[in-house]
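# Residue-level structural notes
Listed here are the chains, written in short residue letters.
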Amino acid sequence: MPTTVQVNEKTLQTLNKIKKEMKANSHDQVIKNLIVERKKIPHSMFGSNRKLKTFTKDDEAEFHDL
């Protein structure tokens, strides 16, 4: 689910520069790459388990207690 993150203008300019250098498709991709580099997280451990299927709305409803 997309969300908004507030950054100052200089930070946005830096993100845009890095995005262009990385040839990334999004700021999200840039941020993930920076996190992986900083934390030395193996790519295989970042994100969801590739063996899992995508959750549906019914799945989400089943696992959330309201």
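The preceding data block contains the structure.
These lines cover the structure that appears in this document, whether it is placed above or below.

Attention shifts here to the layout of surface pockets. Approximately 200 Å³ is the volume found for the largest pocket. Lining the largest pocket are Thr-3, Val-5, Val-7, Leu-12, Leu-15, His-27, Asp-28 and Ile-31. For the lining of the largest pocket, the elements supplying multiple residues, two or more each, are helix H1 (9–22) and helix H2 (27–39). Across the lining of the largest pocket, the residue classes break down as five nonpolar, two polar and one charged.

The next thing to look at is the pattern of salt bridges. Between side chains of opposite charge, a pair can form when the charged atoms approach closely. Per the stated rule, a full pass over the model turns up one salt bridge. The salt bridge partner of Lys-32 is Asp-28, with a shortest N-O separation of 3.2 Å. Placement of the pair is Lys-32 and Asp-28 together in helix H2, with a separation of four residues, close to one helical turn.

The rules behind these values
- Residues numbered from 1 in each chain as written.
- Predicted model: local features only at pLDDT ≥ 70, side-chain atom pairs only at ≥ 80, totals over all residues.
- Heavy atoms only, no water.
- 1 Å grid on protein atoms, 1.4 Å probe; cavity = no way out; pocket = protein on both sides within 12 Å on 5 of 7 lines; lining within 4 Å.
- Points joined across faces, edges and corners; volume = space filled by probe spheres on them.
- Helix = DSSP H or I, 4+ residues; strand = E, 2+ residues; numbered from the N terminus.
- Nonpolar A, V, L, I, M, F, W, Y, C, P; charged D, E, K, R; others polar.
- Salt bridge = Lys/Arg side-chain N within 4 Å of Asp/Glu carboxyl O.

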